[in-house]
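Residue strings, one per chain:
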Amino acid sequence: MCSSGAIVNLGHSDPPIKIEKAWVNDVEACHPGAAVDLYVGATAMSDKHPFEYGGGHVIEDLVRGKEVNLNATAYGTDCYPKTQIQTNLTKDDLNQFYLLNFRNCYQRYACAVNSRDETIYTYMGKLLPRMRNATFSGAGELNPLMNDPDYETIGIGTRIFLGGAQGYIIGEGTQHEPLSRSGTLMVRGNCKNMNADFLRGAAFSHYGTTLYVGLGIPIPILNEGLAKKTAIRDHEIFTQVVDYGVPRRDRPKLRKVSYEELKSGTIIVNERKVRVSSLSSLKTAKKIAETLKTWISNASFYITAPVERLANDSVFKPMKETEVTPFVARVMQSAVTCRENEKIKAIAERIVTRSVNHIIVVDDKNRLGGIVTSWDITRAMAEGKTALTDIVTRRVVTVKPDEPLETASRRMAQHNISALPVINSERKVLGIVTAEDVSKLLGR
Amino acid sequence: MVRILLKFSEALVGQPITAEIILEHKVPINIITAHVDSKGGEFLAEVPDEALEEVVQAFRARGATVSLPKLIEIDKDLCFDCGACVSICPLEAIGVDEDFSINFDKEKCVGSTCSACVEACPAGAIKSVKQNNSEIASKT
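This one's a predicted model, so the numbers in the text were calculated from it and none came from an experiment.

Brief notes about the overall build of chain A
A tally of helices and strands in chain A yields ten helices and 28 strands. The principal-axis extent of the C-alpha atoms belonging to chain A is close to 85 × 65 × 40 Å. Burial analysis of chain A (444 residues in total) assigns 39% to the buried set. Of the contacts made within chain A by residues no fewer than 6 positions apart, 64% connect residues no fewer than 24 positions apart.

See below:
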């Protein structure tokens, strides 16, 4: 889970330093407190190897007993005169080294697909175009919160399996929403006792780094109700197939799906078979359950009662925004179009009279067939070509009206182009958005 | 067996050069994937180690381009069986066992001609590595 990290105390140097900025193996650490406390966040990325190595890897390396490099700077004070420090440390050199994760153990999560024409890279992994694959997360029937959904035994102070050691629940996790079966936990554990088999740094291509955290919670069967609740099976646990191709807060939900279907390897979306695979290790989830069982039966792990119950009615609100985000629909203009059978000369004239640089090729139902730019026309003229079919670009990069302008801007930059036809789900042309229009509004 | 990648130009598409080489050199050539149209073609094939040099030379003599694709390897020490590579594989060469271990069928994999799984792996456990004898194919 991305909302994970470790708090470390480095001890004092001589003369002492009040760290202002710090890097561990080139990964910038947060400096939330006094002189030598650092928080290494799982998603912080290495300056030298971004998207390959990050805070999650630093934590794993330390847990493995490897030496890491610390580089820190400071402004210097009368009591902390040192302004720069470089040193190498292992976990044994640290005073405290605690995993402190503010959101773990998501009760269930969405299954992700991508409706776009291009591969996208997300926190749900690599998603192939036109829904050619699907990914999901979570252990389903093995998820502790699914087995104690009313938080009868899971609360503040509950002793748990965390990263191969014993840890504790310290509260509800951020974004905890138990009523929608989307509960989360905040947890803490001593990294010095942890095992890298259950704590692994990871990198999602073109997305970022994270930390895989092994977490298990013993649920004592205190009553008949808990016996029944813990008997929950994958076919009773549902989530939604969500289109991550739409980069909005509320992404389209395509269908309801059970964890049993997700674990089968194939689901049907829009009447087509889609291969689906997990992103969290189900094999490790089973190993955790078995390890925890062994610990309890050989009396090396004692079950605790929570000292305080977790909120069972909290709601995950969206962000209050004081500025309105512009969307493509707001700036798109009507497109100048042409038909496939038109002569290049006629299109050249249209470019001049309408004073545009992009002409969109449409069929008789106004569906997108291609795009021609003034540059294409100039080249065709120079090369003596007359048929439009010889110069039209067929693989057109497009945008939908409900996408943020920011996304349109990024897409143009990625493909090094200056306009995007705006189309609907039937590929009908609704308009065009140009780099010029975008920069006017976004001011860049 | 060694995997070779053959590319044919437009001029060679109509000629039965693979069949000729099989008959002439008496070597089995197992075609794993093939994409051919009027503009040219690409084959991924398997040949016995001992016949590699001979086959590569025979294809080159007939005008085909030959290279040795890298093969995909999963480092089991780094892999933690998450499954991110499974749904991404177009050839279903990567699957999940009953106990949720990841299994990899090298026979189905087309190696570096695809490599979709390499960047999908969060553990950095999947790599494309050179085949043995790959120096033979780099000679011209």
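Quick look at the nonpolar core
Formed by 118 residues in total, the largest nonpolar core has its most connected members in C111 of chain A together with C85 of chain B. Beyond its immediate chain neighbours, meaning those up to four positions away, C111 of chain A contacts A134, F136, T239, V241, V242, V257, L262 and V276 of chain A. One finds I359, V372, I377 and A419 of chain A within the second-largest nonpolar core, a separate group that totals 26 residues.

So, the domain arrangement of chain A
Residue and element names in this part refer to chain A. Assigned domains within chain A: domain 1 (5–95), domain 2 (101–309) and domain 3 (328–442). Using C-alpha coordinates to define each centre, domain 1 is positioned 30 Å away from domain 2. Every contact between the two is made by 18 residues of domain 1 and, on the other side, 16 residues of domain 2. Secondary structure elements with two or more residues in the side of domain 1 that touches domain 2: β1 (5–9) and α1 (55–63). No other element matches the seven residues that α1 contributes to the side of domain 1 that touches domain 2. Looking at the side of domain 1 that touches domain 2 residue by residue, the class counts come to eight nonpolar, six polar and four charged.

Examining the packing of helix α7 (residues 344–353) of chain A against helix α8 (residues 374–383) of chain A
Each pair of packed helices can be summarised by the angle the axes make with each other and by the distance between the axes. Residue and element names in this part refer to chain A. Following both chains from N to C, one finds α7 and α8 inclined at 135 degrees, their axes separated by 10 Å at the closest point. In terms of orientation, α7 and α8 fall into the oblique class. In the packing of α7 onto α8, the handedness of the crossing is left-handed. Of the residues in α8, those in contact with I344, I347, A348 and I351 of α7 are S374, I377 and A380. The residue inventory of the contact of α7 with α8, partitioned by class, reads six nonpolar, one polar and no charged.

Some thoughts on the interface of chain A and chain B
Counting from both sides, the interface comprises 24 residues of chain A and, opposite them, 17 residues of chain B. Where the side of chain A that touches chain B is concerned, the elements lending two or more residues are β10 (125–127), β11 (133–136), β16 (199–204), β22 (272–278) and α5 (282–297) of chain A.

Considering the sheet that holds strand β24 (residues 337–338) of chain A
Residue and element names in this part refer to chain A. Across the sheet, three strands lie side by side as β24-β25-β26; this open sheet has mixed pairing. Sheet topology places β24 and β26 (368–373) at the edges, where each strand pairs with a single neighbour. Both strand β25 (residues 358–362) and β26 contribute to a ladder of five bridges, which runs antiparallel. Opposite V362, over in β26, you have L368 as the bridge partner. Here α7 sits on the sheet in contact with β24, β25 and β26, set at roughly 130 degrees to β25.

Brief notes about the domain arrangement of chain B
Residues and elements named next belong to chain B. Domain boundaries in chain B define domain 1 (2–67) and domain 2 (71–129). Centre-to-centre, using C-alpha coordinates, domain 1 lies 27 Å away from domain 2. Taken together, the five residues of domain 1 in the interface contact four residues of domain 2. For the side of domain 1 that touches domain 2, a count of residues per class yields three nonpolar, one polar and one charged.

Some words on the sheet that holds strand β3 (residues 40–47) of chain B
All names here are of chain B. Read from one edge of the open sheet, four strands run β2-β3-β1-β4, paired in antiparallel fashion. Unpaired on one side and paired on the other, β2 (30–37) and β4 (65–67) mark the two borders of the sheet. When strand polarity is set aside, the average angle formed by the axes of neighbouring strands in this sheet is 15 degrees. Here β2 runs beside β3; their pairing, made up of seven bridges, is antiparallel. Its bridge partner lying in β3, V36 is registered against G41.

Let's talk about unusual backbone geometry
P15 of chain A follows D14 of chain A through a cis peptide bond whose omega is -5 degrees. Relative to the assigned elements, P15 of chain A resides in the loop between β1 and β2 (21–24). A positive phi angle, near 60 degrees, is found at S115 of chain B, a position not held by glycine. Mapped onto the secondary structure, S115 of chain B falls in the loop between β7 (102–104) and α3 (116–120). Overall, the presence of 17 C-beta atoms within 10 Å leaves S115 of chain B in the partly exposed class.

So, the pairing of β2 of chain A
All names here are of chain A. Only one face of β2 is covered, namely the one carrying A22 and V24; the face carrying K21 and W23 has none of its residues buried. Here β2 pairs with strand β5 (residues 68–73) via four bridges, running antiparallel. When the sheet's bridge partners are listed, K21 is paired in β5 with T73. The turn joining β2 and strand β3 (residues 27–29), which pair antiparallel and follow one another in sequence, is formed by two residues; a positive phi near 45 degrees is taken by N25.

Here's the deal with the packing of helix α9 (residues 405–415) of chain A against helix α10 (residues 435–442) of chain A
All names here are of chain A. The contact between α9 and α10 brings their axes to 10 Å, and the two run at 130 degrees. One way to sum up the angle between α9 and α10 is to call them oblique. Where α9 crosses over α10, the handedness of that crossing is left-handed. For the pair α9 and α10, contact is made by L405, A408, S409 and M412 and by A435, V438, L441 and L442, respectively. Its residues placed into classes, the contact of α9 with α10 shows seven nonpolar, one polar and no charged.

Definitions and limits used
Residues numbered from 1 in each chain as written. Chains lettered and ligands numbered in written order. Predicted model: local features only at pLDDT ≥ 70, side-chain atom pairs only at ≥ 80, totals over all residues. Helix = DSSP H or I, 4+ residues; strand = E, 2+ residues; numbered from the N terminus. Buried ≥ 20, exposed ≤ 12 C-beta atoms within 10 Å, placed from the backbone. Contact = placed C-beta atoms within 7 Å. Core = buried A, V, L, I, M, F, W, Y, C linked by C-beta atoms within 7 Å. Domains from an automatic or database assignment. Nonpolar A, V, L, I, M, F, W, Y, C, P; charged D, E, K, R; others polar. Axes fitted to C-alpha atoms, helices over the stretch in contact; angles between N-to-C directions. Parallel < 35°, antiparallel > 145°, perpendicular 65-115°, else oblique. Left-handed = near helix turned anticlockwise from the far one by under 90°. Pairing = 2+ DSSP bridges.

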